[in-house]
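# Structural description and commentary
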Amino acid sequence: MGKKGKKEKKVKGAEKTAAKMEKKVSKRSKREEEDLEALIAEFQSLDAKKTQVVETACPPPSPRLNASLCAHPEKDELILFGGEFFNGKKTFLYNEVFFYNIKKNTWVKAEIPNPPPRRCAQQAVVVPQGGGQMWIFGGEFASPDGEQFYHYKDLWVLHLGTRTWEQIKAPGAPSGRSGHRMVLSKRQLLVFGGFHESTRDYIYYNDIHAFNLDTFTWSRLQPTGTGPCPRSACQMTPTPDGNGVIIYGGYSKNRAKKDVDKGTIHSDMFLLRREGKEEQEKWTWTRVNPSGVKPPPRSGFSLAVGPGGRALLFGGVCDEEDEESLEGDFFNDLYLYDINKNRWFPAQLKGNKSEKKKRRRGKKGEQTNETEGEQEEPQGPTEIVKEIVAEDGTVMTIKEVIPAAQAEEDSEVEEDDGEEEEAAAMAPLVEPCPRSSAMATVKHGKLYLYGGMFEVGDRQFTLSDLYSLDLHKMDLWDVLVEMDPKTQEWLEESESEDDEAKGGDDEEGDEEEEESEEESEEDADHPPVNPGEALADYQTRTEKYWLGLAQANMGPDAKEKKAQKVGHAMAKVFFEDQE
């Protein structure tokens, strides 16, 4: 009894501390929010001019991250809402709605009157009633300089059948936040975690709230047991029977000492389960210890629910901190968590069947029983380090972990003769580049992945590509909208204020033309390649020049070893362009 009472007292003390911190953050951020509310109202006045629904065929949406991508519950469509884009100088937020027709591979932009204010990092859930509805809660608005944040606590529903927005005003809603998670559990929207941040303070949450879709009322759940510590950006997946949710991972930060914060990537898992009838339902937290090959620690991963009660985790980033810098290792791997078996496993693509036969030297009799990439107890994961070179030569390092079974298969392929290697080279495996904060959803057994971002040095690249993967076949990624990161230009600080106010959608084309002309002029200033000179000789001869250029591009905080690597890559890019 003594231990139990002490534990309960400790829990209550933590709750009181969290309540005090929330009050402190709310008080300090009030003035900031008032300033941002004026800016939000200015944008809303522009949106108020829309009086009727206008749907227009359009090219794919502009690059963005932290948006909402949902599968239409009634039609073969995907719905994209909100998100953010950073162009090197300013942050742009969106509240547009795009519809992607899966069969036709076409986009439509829907201008709908009275939309929610612009935002990112909100959560969206679709339900089938009334011709389909998309529910949206929370999110954040950032000042153009990205230094101040306004966190929403509003609830909206987009009626997909009538193309109308409606704000649902119900008391008892969760406090303003972003980075939270929301899923549908029977007839309730469950909201967990998230964070609220002001200029000087921040707070992370681990509370859980339910919105009843029948009564339109909020309630805060009080589960028994020990649940996750406060966090944002976790994986939250409903159980197949609809009576609970699985929560995995997430991110939080704490004040290590004055003016020094320490980030934590969580990799624990919990089950929140409902018992009893609606009027007397009780919720319980339970710690879960899954088997299999778990994903390496990361944050910013994309998540979706696949067929057969399997949760999907794609990509993300793991930040490596030292006293001088913060560098991120980005991922593009896919992991599946089987809720019924309580087991993780990496999703391994089977590749092109005809190409596979060539590599196996005609062993037609061999069959595999792998299902959706699952293998029995892979041992000894192998870490693979890759590098992606951007247009200006900057290098991004990616770490990828594969189980021993795949590593052995790769080794066998490497031992094949030259003819087979040449055949394999003719059909390279297409896959999304490493990224974090991408949007993911599943429709008709296919995983769709859109956008996201990765960083190289102090530069952020935002993506607008779209991929799909058949989760039943698990063979190849299909490229639906292509975007090579090497072709994305870094926008310099030369936009007019008028262009910035438009939201960043229209400035990219003009900037690309201007920058391509600038680059062609700059090429003439680089050390020329001598006739017959080998790449290694050119890199050695011009090493000091490219090192200086790399340091100028990467900023004063870049490590010298990293700058040398980038300089070599830049020299290689220029050398190959001259051939």
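Residues numbered from 1 in each chain as written. Predicted model: local features only at pLDDT ≥ 70, side-chain atom pairs only at ≥ 80, totals over all residues. Heavy atoms only, no water.

## Some words on the overall build of the protein chain
- Within the protein chain, the secondary structure is distributed over nine helices and 34 strands.
- Buried residues in the protein chain amount to 49% of all 579 residues.
- Total accessible area computed for the protein chain in this model is approximately 29500 Å², and 48% of it derives from carbon and sulfur atoms. (Helix = DSSP H or I, 4+ residues; strand = E, 2+ residues; numbered from the N terminus. Buried < 20%, exposed > 50% of the residue type's maximum accessible area, 1.4 Å probe, protein only. Areas by Shrake-Rupley, 256 points an atom, 1.4 Å probe, with all protein chains shown as cover.)

## Quick look at the sheet that holds strand β13 (residues 164–168)
- With respect to topology, four strands assemble into an open sheet ordered β8-β9-β12-β13, the strand pairing being antiparallel. Each of the sheet's edge strands pairs with one partner strand only, and the pair in question is β8 (123–127) and β13. Within this sheet the neighbouring strands show an average axis-to-axis angle of 20°, counted without direction.
- Looking at chain direction, strand β9 (residues 133–137) and strand β12 (residues 155–159) are connected through five bridges and run antiparallel. Of the residues in β12, the one forming a bridge with Q133 is H159. (Pairing = 2+ DSSP bridges. Axes fitted to C-alpha atoms, helices over the stretch in contact; angles between N-to-C directions.)

## Thoughts on the pattern of salt bridges
- Throughout the structure, instances matching the rule amount to 17 salt bridges.
- A salt bridge links K109 to E96; the nearest nitrogen and oxygen atoms lie 3.4 Å apart. Residue K109 is located in strand β7 (residues 106–111), and its partner E96 is located in the loop between β5 (91–93) and β6 (97–101); the two are separated by 13 residues in the primary sequence.
- On the basis of relative accessibility, which here comes to 25%, the residue K109 falls in the partly exposed class.
- Residue E96 is classed as buried on the basis of its relative accessible area of 13%.
- In this structure, the salt-bridge partner of D154 is R119, at a minimum N-O distance of 2.8 Å. Note that D154 is positioned in the loop between β11 (149–151) and β12 and R119 in the loop between β7 and β8, a separation of 35 residues in sequence. (Salt bridge = Lys/Arg side-chain N within 4 Å of Asp/Glu carboxyl O.)

## Topic: the packing of aromatic side chains
- Tallied over the full model, the rule gives 27 aromatic pairs.
- A ring pair is formed by F314 and W477, whose centres lie 5.9 Å apart and whose planes are at 70°; its orientation type is edge-to-face. Of this pair, F314 sits in strand β26 (residues 310–321) while W477 sits in strand β34 (residues 477–481), and the two are 163 residues apart along the sequence.
- On the basis of relative accessibility, which here comes to 2%, the residue F314 falls in the buried class.
- On the basis of an interplanar angle of 50° and a centroid distance of 5.3 Å, the ring pair of Y337 and W344 is categorised as tilted. (Phe/Tyr/Trp six-rings, centres within 6.5 Å; stacked < 30°, edge-to-face > 60°.)

## Some words on the environment of D214
- Of note, D214 is situated in the loop between β18 (208–212) and β19 (217–220).
- In this structure, the C-alpha to C-alpha distance between D214 and Q188, residues 26 residues apart in sequence, is 8.4 Å.
- A polar contact is formed between the side chain of D214 and the side chain of R187, at a distance of 2.8 Å. (Polar contact = N/O pair within 3.5 Å; in protein donor to acceptor, adjacent residues only side chain to side chain.)

## Let's talk about the environment of G83
- With respect to the element layout, G83 can be found in the loop between β3 (77–81) and β4 (84–86).
- Overall, G83 belongs to the buried group, its relative accessible area being 0%.
- In sequence terms G83 and R119 are 36 residues apart; their C-alpha atoms lie 6.2 Å from each other.

## Here's the deal with the sheet that holds β34
- One open sheet holds the four strands; their spatial order is β31-β32-β33-β34, and the pairing between them is antiparallel. What marks the edges here is a single partner per strand, and that holds for β31 (439–443) and β34. This sheet shows a mean twist of 30° between the axes of neighbouring strands, independent of strand direction.
- Alignment of β31 against strand β32 (residues 446–456), held across five bridges, turns out to be antiparallel. From the neighbouring strand, M439 faces β32, where its bridge partner is Y450.

## Quick notes on the nonpolar core
- Core analysis: the biggest nonpolar cluster contains 17 residues, and L312, L334, L447, L469, L471 and W477 have the highest contact counts within it.
- Among the elements of the structure, β26, β27 (326–338), β31, β32 and β33 (459–470) are those that each provide at least two residues to this core. (Core = buried A, V, L, I, M, F, W, Y, C linked by side-chain atoms within 4.5 Å.)

## Re unusual backbone geometry
- The backbone phi angle of R163 is positive, close to 55°, even though this residue is not glycine.
- Tracing the backbone through its elements, the reader meets R163 in the loop between β12 and β13.
- Phi is positive for M474, close to 50°, though the residue is something other than glycine.
- Tracing the backbone through its elements, the reader meets M474 in the loop between β33 and β34.

## Some words on the environment of E543
- Here E543 is to be found in helix α8 (residues 543–554).
- Sequence spacing of E543 and G567 is 24 residues, and the spatial spacing of their C-alpha atoms is 7.2 Å.

## Examining the confidence of the model for the protein chain
- Per-chain confidence: the protein chain averages 79 in pLDDT, with 71% of residues scoring 70 or above.
- Confidence drops under pLDDT 50 across residues 397–418; counting only partners more than four residues distant or on other chains, this segment forms 56 contacts.
- Contacts for the low-pLDDT stretch residues 487–524, under 50 throughout, to residues beyond four places or in other chains number 51 contacts. (pLDDT = per-residue confidence, 0-100. Contact = heavy atoms within 4.5 Å.)

## A short note on the pairing of β31
- The buried fraction of β31 is high, at five of five residues.
- Here β31 shows a buried face lined by M439, T441 and K443 and a second buried face lined by A440 and V442.
- Hairpin connection of β31 to β32: two residues between the antiparallel strands, including H444 at a positive phi of 50°.

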